[in-house]
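# Observations on the three-dimensional arrangement
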Amino acid sequence: MPIDTLERFLAALSPHDRERVQQQPHDEQERLAAAWEEELRVDTDLDTLSELSPAAAESEAAKRVVEGRFE
């Protein structure tokens, strides 16, 4: 069974950020996950990192989305 976007987003977060996101309403979590996918899609720097380490690229994109929301 494929993992959905929200699950992948949560897995890419640090434990602290994951807890912060999980405290949000489900709709907000889904919005953040969609923003994370968009960040992965449009940021060319992440494309380069993704070639070296897909997990690192996903984590960096997740960190950016959460910082944009909570900082």
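For every chain, the first residue of its written sequence is number 1, and the numbers climb from 1 along that sequence. Given that this is a predicted model, residues contribute local features only at a pLDDT of at least 70 and side-chain atom pairs are listed and counted only at 80 or more, while totals for whole chains, interfaces and linings are drawn from all residues. As a rule here, side-chain values cover all heavy atoms of the structure and leave hydrogens and water aside.

## Let's talk about the nonpolar core
Residue types Ala, Val, Leu, Ile, Met, Phe, Trp, Tyr and Cys, when buried and joined through side-chain atoms within 4.5 Å, form a set referred to as a nonpolar core. Here's how the labels work: a residue is buried when its accessible area is under 20% of the maximum for its type, exposed when over 50%, partly exposed in between, all with a 1.4 Å probe on protein chains only. Ranked by internal contacts, the top residues of the largest apolar core, which has 16 residues, are F9, L13, V21, W36 and A62. If you list the elements that add at least two residues to this core, you get helix 1 (5-12), helix 3 (26-42) and helix 5 (54-70). Numbering of helices and strands runs from the N terminus, with a helix taken as a DSSP run of H or I at least four residues long and a strand as a DSSP run of E at least two residues long. Per element, the largest residue contribution to this core is 5 residues, and it comes from helix 5. Contacts: residue pairs with any heavy atoms within 4.5 Å of one another. Excluding its chain neighbours within four sequence positions, the residues that come into contact with V21 are F9, L10, L13, Q29, L32, V66 and F70.

## Some remarks on the packing of aromatic side chains
Only the six-membered ring of Trp is used, alongside the rings of Phe and Tyr, when aromatic pairs are assigned; centres must lie within 6.5 Å, and planes under 30 degrees apart are stacked while those over 60 apart are edge-to-face, with the rest tilted. Evaluated as defined, the whole model comprises 1 aromatic pair. Between R69 and the ring centre of F70, over which it is positioned, the NZ or CZ distance is 4.8 Å. Either the NZ atom of lysine or the CZ atom of arginine qualifies as a charge over a ring when it sits within 6 Å of the ring centre and within 35 degrees of the ring normal.

That is the geometry; function is a separate question.
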